[in-house]
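Residue-level listing of the chains:
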Amino acid sequence: MDRFASSPRLMIVSDLDHTMVDHHDPENLSILRFNALWEAKYRHDSLLVFSTGRSPTLYKQLRSEKPMLTPDITIMSVGTEITYGNEMVPDEGWVDFLNNKWDKKIVSEETSKFSELTMQSETEQRQHKASFYVEKEKAQEVMKTLSERLVQRGLDVKIIYSGGVDLDILPKGAGKGQALAYLLTKLKASGKLPKNTLACGDSGNDAELFTIPDVHGVMVKNAQEELLQWHAENAKNNPKIIHATERCAAGIIEAIGHFKLGPNVSSRNETDLLDAKLDHFDPAYEVVKFYLLLERWRRAEVENAEVYLGRLKSVCSPSGVFVHPSGVEQSLHDCINKLKDCCGDKKDKQYRVWVDQVFPSQIDSDTWIVKFKKWEQTGEEQHGCLTTVVVSSKGVKPTEGFTWVHVHQTWIDGTTQNTRNDWFL
Ligand code: GLC
Ligand code: MG
C-alpha cells in the first residue's frame, strides 16, 4: 500500500466464487467488464481486495482458470490469511492474533465425533480453519452442538455455514468481516483510510462483511439463501446494503452506480468504442480502450475494417517502435499493417484480451509511461506480457487521445511463448 500518499478513493472488498467470478458465464463477460472499468478508472488511486473462502492453493488455481485481476490485498481461507501485493506477503500480526484461544487439535478431536461431517480436501485445512461438508438439513443442529462442545473444551470459535454445503470452524476473531475490520484499522492508523468501501458477496461467509460500520454492501443477484435470510433477519432496513438485480461482477458495477462511488460505465459496454472520446488525457483509459479495439478486430466484430485500421494506425507515431518479448524490433506502423492478416483470426475461438495493474506515471508535461500486464486468452490458453508503453500528448487534443511512441514487452513467467504469427502488441 506504499503507493498511496493519502486515502484511496475506493476500496472494493469482494468475494470470488459466484461474486467476482461467475461460474455460469462461460464467456466471463461480467468479470471482464469489471476489469476494464477497474483498470481504466480506479486502479491508480483505489484498492482492490479479494476475500475468499479458498486456501492459497485453490485461489491460485482459480486465477489460472479465470480472467482475474491482481488484487492489492488477498484475504484467503475465510478471513484467516491476509497477504499483500503481488508477492502475497503474509500479515504476521494477524496470524499471532488468531492464535488466541485456538487449538486445531481439539477442533479435530471434537469434529471427528460427528458422522454428519465430511472433511474437505487437505488443501482446505489451514492453520486457523477446519472445513467440512454437511447437509443443509443437519447443519443447524450440528453447529449448535459442536459449538457448545468446543466452548466446554475452552476454545473461542466461530462456525460458519456457506453455499448450503460448507461448514468452516475458525477462531472467534477470524472471518471475512473481522479481517476487513482489522485492515480498516491498519489503513486508518497509517492515514490511508479509504474514502469509500464496498463489500461484495453471495454466501454465508460474506454476511460479516456487511456488519462492518461505514461499509457499503452488495449482495449479488444470485446470492445464496443463507445470506438473504441473514439479511432479512439482521439488516433489512440498512440502506447501505443492497441486493443487486445483476449477477456477480455486474452486480458490483451496479452497486458502484447505486451508491454513487464513482464511474460505473465499463468500456466493454461501449459499442462505439472507436469514437469514444474523453475531454482530458487519461493514459489508463487509453490502454484499456486500445486492447479492447484489438480484441474486437481479432474477434471479427468490426464493421468498416479500413477505417478501423486507419484509426488504430493514427494513434501510433510513424517513428514509434515495438520491442517484442523475443527481442525483435519492429516499427509500430508495420505492426498495425500486419494486423490486416489477423482480422477475425480469433472468430468463434473464445478470444479475450484484458489488462491488469495499469499504472501510468507522467514523466514530463506531455509524456507518460504506462506499465501493465496484458493477458490474452484463447479458450483455455492464457499468455501474459509485462508491457511498458510510452505515450505522448504533444500536438494532439485530449479528444484525439495520445500518440503511442514506444511499446516494450516481456513474457510473464510461466506463460508459454506465442508463435511468431501470433504476436501483435
Ligand atoms: C471455499 C473453501 C472452503 C470453504 C468455503 C466456504 O470453497 O475452499 O474450504 O468451506 O469456501 O467458506
Ligand atoms: Mg462466494
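Residues numbered from 1 in each chain as written. Chains lettered and ligands numbered in written order. Predicted model: local features only at pLDDT ≥ 70, side-chain atom pairs only at ≥ 80, totals over all residues. Heavy atoms only, no water.

> Mind laying out the overall build of the protein chain, listing which residues take part and the relevant values?
A count of helical and extended segments in the protein chain gives eleven helices and 18 strands. For the protein chain, whose C-alpha radius of gyration is 24 Å, the value lies close to the compact-globule estimate of 22 Å for 425 residues. If one aligns the C-alpha atoms of the protein chain with their principal axes, the spans along those axes are about 75 × 40 × 40 Å. Classification of the 425 residues of the protein chain by burial places 56% in the buried group. For the protein chain, restricting intrachain contacts to residue pairs at least 6 apart in sequence, the fraction spanning at least 24 positions comes to 64%. When the accessible area of the protein chain is evaluated, it comes to approximately 18,800 Å², of which 50% is carbon and sulfur surface. Across the protein chain, the centroid of the 52 positively charged side chains sits 2 Å from that of the 61 negatively charged ones. (Helix = DSSP H or I, 4+ residues; strand = E, 2+ residues; numbered from the N terminus. Rg over C-alpha atoms; globule rule 2.2 N^0.38 Å. Buried < 20%, exposed > 50% of the residue type's maximum accessible area, 1.4 Å probe, protein only. Contact = heavy atoms within 4.5 Å. Areas by Shrake-Rupley, 256 points an atom, 1.4 Å probe, with all protein chains shown as cover. Lys, Arg positive; Asp, Glu negative; His and termini not counted. Charge placed at Lys NZ, Arg CZ, Asp CG, Glu CD.)

> Residue-level account of the packing of helix α1 (residues 29-42) against helix α9 (residues 283-298), with values.
The contact between α1 and α9 brings their axes to 7 Å, and the two run at 150°. Comparing their axes, α9 and α1 come out roughly antiparallel. Touching Ala36, Glu39, Ala40 and Lys41 of α1 are Ala284, Tyr285 and Val288, all from α9. (Axes fitted to C-alpha atoms, helices over the stretch in contact; angles between N-to-C directions. Parallel < 35°, antiparallel > 145°, perpendicular 65-115°, else oblique.)

> Give me the lowdown on the environment of Tyr182, citing residues and values where you can.
As for its placement among the helices and strands, Tyr182 is situated in helix α6 (residues 176-189). Using a relative accessible area of 22% as the deciding quantity, one classes Tyr182 as partly exposed. Once the C-alpha coordinates of Tyr182 and Ser361 are considered, the two residues, 179 residues apart in sequence, prove to be 31 Å apart. Ignoring sequence-local partners within four residues, the contact set of Tyr182 consists of Ile82, Tyr84, Asp91, Gly93 and Trp94. Within the local environment of Tyr182, its side chain forms a polar contact with the backbone nitrogen of Trp94, the two atoms lying 3.5 Å apart. (Polar contact = N/O pair within 3.5 Å; in protein donor to acceptor, adjacent residues only side chain to side chain.)

> Lay out the site of ligand 1 with the relevant residues and their values.
In the vicinity of ligand 1, the residues found are Gly53, Arg54, Leu58, Val78, Gln120, Glu124, Lys129, Ser131, Ser162, Asp166, Asp168 and Asn205. Separating an oxygen atom of ligand 1 from a side-chain N or O atom of Glu124 is a distance of 2.6 Å. Protein contact buries 86% of the 310 Å² of open area that ligand 1 shows by itself. Shared between two domains, the shell around ligand 1 takes at least three residues from each, and those domains are domain 1 (11-89 + 174-267) and domain 2 (101-171). (Near = heavy atom within 4 Å. Domains from an automatic or database assignment.)

> Account for the domain arrangement of the protein chain, with residues named and values stated.
Each assigned domain of the protein chain is listed here: domain 1 (11-89 + 174-267), domain 2 (101-171) and domain 3 (270-414). Summarising the inter-unit geometry, the C-alpha centres of domain 1 and domain 3 are found 29 Å apart. Listed as interface residues are 22 residues of domain 1 and, on the opposing side, 22 residues of domain 3. Overall, the association of domain 1 and domain 3 removes approximately 1,700 Å² of surface from exposure, summing both partners, and the carbon and sulfur fraction of that is 48%. (Buried area = accessible area lost by both parts, 1.4 Å probe.)

> Can you lay out unusual backbone geometry for me, pointing to particular residues and giving the numbers?
Of note in this structure, Val78 is not a glycine but carries a positive phi near 55°. For Val78, a relative accessible area of 1% corresponds to the buried category. For Gln357, which is not glycine, the phi dihedral falls at a positive 50°. Counting through the fold element by element, Gln357 comes out in strand β15 (residues 351-364). According to the relative accessible area criterion, Gln357 is buried, its value standing at 12%.

> I'd love a proper account of the coordination of the magnesium ion (ligand 2), names of residues and values included.
When a metal holds four donors in a tetrahedron, each ideal angle between them is 109.5 degrees; when it holds six in an octahedron, the ideal angles are 90 or 180 degrees. Every protein donor of the magnesium ion (ligand 2) is accounted for by Asp15 (OD), Asp17 (O) and Asp202 (OD), and the metal-donor separations fall at 2.1 to 2.3 Å. Mapping the donors of the magnesium ion (ligand 2) onto the primary sequence gives the spacing D-x1-D-x184-D. Within this pair, whereas Asp15 is found in the loop between β1 (10-14) and α1, its partner Asp202 is found in the loop between β10 (196-201) and β11 (216-219), the two being separated by 187 residues in sequence. By the burial criterion, Asp15 is buried, and Asp202 matches it. (Donors = N, O, S within 2.8 Å, 3.2 Å for Na, K, Ca; no water.)

> Can you explain the pattern of salt bridges? Please cite residues and give values.
Applying the stated rule across the entire model yields 29 salt bridges. A salt bridge links Arg247 to Asp22; the shortest N-O distance between them is 2.8 Å. Of the two residues, Arg247 sits in the loop between β12 (241-243) and α8 (248-258) while Asp22 sits in the loop between β1 and α1, which places them 225 residues apart along the sequence. Judged by its relative accessible area of 32%, Arg247 falls in the partly exposed class. Judged by its relative accessible area of 8%, Asp22 falls in the buried class. Here Lys158 and Glu208 are joined by a salt bridge, their closest N and O atoms 2.5 Å apart. You can see Lys158 sitting in strand β8 (residues 157-162) and its partner Glu208 sitting in the loop between β10 and β11, a full 50 residues away along the chain. What you see here is one network of salt bridges that share partners, running through Arg3, Glu39, Arg43, Asp72 and Asp356. (Salt bridge = Lys/Arg side-chain N within 4 Å of Asp/Glu carboxyl O.)

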